[in-house]
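Survey of secondary and tertiary structure
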Amino acid sequence: MTNSAPLAPQEFPPTLREVMLRRRWIGVLALCLVVAGVFAWLGQWQLERAIDTTPPAPGATEKVRPLTDVIEPGKYLDQSLGGQRVRTSGTWVAGDFIVISQRINDGTEGYWVTGQLRVADRTSIAVAVGWAATRKQADAAVAALEKQGAVEASITGRLIDDEGVEVPPRSDPMQLNRMSPAALLSRWHDIDGLNVYRPYLASATASAGLVDISSPPPQEQSPINWLNIFYAAEWAVFAGFAFYLWYRLAKDAWEREVEEFEDAANAGEPATAPEDEQAP
């Protein structure tokens, strides 16, 4: 009876699970967990702002409120307060009635006459006084208002956000086409240390010689902000991609090891384990 040599242990390539459980890939997984956690937090932050849990009651903008209860000078107008009807009183500043062009009133283009209303000591708000169909009518209304001088006035109207500043045409550098308190401020008098409201007030009742400004109630908005929900979904996708990236990198490493193992087996060479699995 002949003695046969013991068979060499058969070697097999590593499995995907074995590769994923190595220290290197456990560390990469931990990093991906941190990244995914940040993305998940950002998604939650977007969701919290996607749904307004305390939307204004229907018709809230039509309830006339004191100006000082709605906004402070220099503050930005909250979106929920756009078009809010307010009342205030003050004194017109002589010399600061200015005409704004390209104003649409019930489908007809015309002009607004605006003024600086001094509502408190060193505090003013821009007021759209009324609408005129022609520049001649608007200039006549300005002349009449200037003739009255610094008279007191009580104004009720809608609070509307600044329309922004626009570069005037070359043909008339003094022309204004947007209702912007910031632009009007540069042409007002006595503005040293002056506090100005960022939004303007569209008067509900026009002065003599002008037409009432058409200012319908703002449309009631949905309490759901779909854009924020879309952003939240994007962050969730990014969080999932962090885990997919870890899986893809680990799988690529596993596939390379299997190829190297097969190449070594075909060449008759012993396969070597990765550095992080070799014995010390």
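Here, the structure is the one placed above.
The present account deals with the structure reproduced in this document. Numbers given to residues run from 1 along each chain, matching the order in which its sequence is written. Note on the predicted model: pLDDT of at least 70 is required for a residue's local features to be given, and 80 or more for side-chain atom pairs to be given and counted; whole-chain, interface and lining totals, by contrast, use all residues. The side-chain quantities take in all heavy atoms of the structure and omit both hydrogens and water.

1. Observations concerning the overall build of the chain
Each helix is a run of DSSP H or I of at least 4 residues and each strand a run of E of at least 2, with the numbering of both proceeding from the N terminus. A tally of regular secondary structure across the chain gives 6 helices and 8 strands. Put simply, the chain runs from its N terminus to its C terminus through helices and strands in the order α-α-β-α-β-β-β-β-α-β-α-β-β-α. Two residues form a contact once any of their heavy atoms are found within 4.5 Å. In the chain, the proportion of contacts linking residues at least 24 apart, taken out of those at least 6 apart, comes to 70%. Accessible area of the chain: about 17,700 Å², with a carbon and sulfur share of 56%. Accessible surface is estimated by sampling points in the Shrake-Rupley manner with a 1.4 Å probe; for residues, cover comes only from the protein chains shown.

2. Focus on helix 2 (residues 23-48)
The end-to-end C-alpha distance of helix 2 is 37 Å, a good match for the 38 Å that 26 residues give at a rise of 1.5 Å each. Elements that come into contact with the buried residues of helix 2 comprise helix 1 (16-20) and helix 6 (226-267). What a helix should span is 1.5 Å times the count of its residues minus one.

3. Considering the pattern of salt bridges
Two side chains with opposite charge may pair up if their charged atoms get near one another. Salt-bridge detection follows one rule: a side-chain nitrogen of Lys or Arg within 4 Å of a carboxyl oxygen of Asp or Glu. Under the counting rule described, the total for this entry stands at 9 salt bridges. Among the charged side chains, a salt-bridge network with shared partners connects Arg118, Arg122 and Asp190.

4. Observations regarding a nonpolar patch on the surface
A contiguous nonpolar surface patch, about 470 Å² in accessible area, is contributed by Phe241, Tyr244, Leu245, Tyr247 and Leu249. Relative to the helices and strands, Tyr244 is located in helix 6. Exposed residues in this analysis have more than 50% of their type's maximum accessible area, buried residues have under 20%, and partly exposed residues fall in between, with area computed by a 1.4 Å probe over protein chains only. Residue class for Tyr244 comes out partly exposed when judged on its relative accessible area of 45%. Patch members must show over 30% relative accessible area and no salt bridge, and they are joined within 9 Å when carrying like charges or within 5 Å when they are nonpolar side chains of Val, Leu, Ile, Met, Phe, Trp or Tyr.

5. Observations concerning helix 4 (residues 135-148)
Across its 14 residues, helix 4 extends 20 Å between first and last C-alpha, which sits within 8% of the 20 Å expected from 1.5 Å per residue. Listed as buried for helix 4 are Ala138, Ala141, Val142 and Leu145. Along the axis of helix 4, the buried residues cluster in a sector spanning 105°; they form a single face. More than 90 degrees from the buried face of helix 4, the exposed residues found are Lys136 and Lys147. In this fold, the buried residues of helix 4 make contact with strand 3 (98-105), strand 4 (108-120) and strand 5 (123-132). The positive-phi residue at the C-terminal boundary of helix 4 is Gly149, with phi of around 80°. The arc under discussion is defined with respect to the helix axis, by the directions toward the C-beta atoms.

The quantities given are spatial measurements derived from coordinates; they are silent on function.
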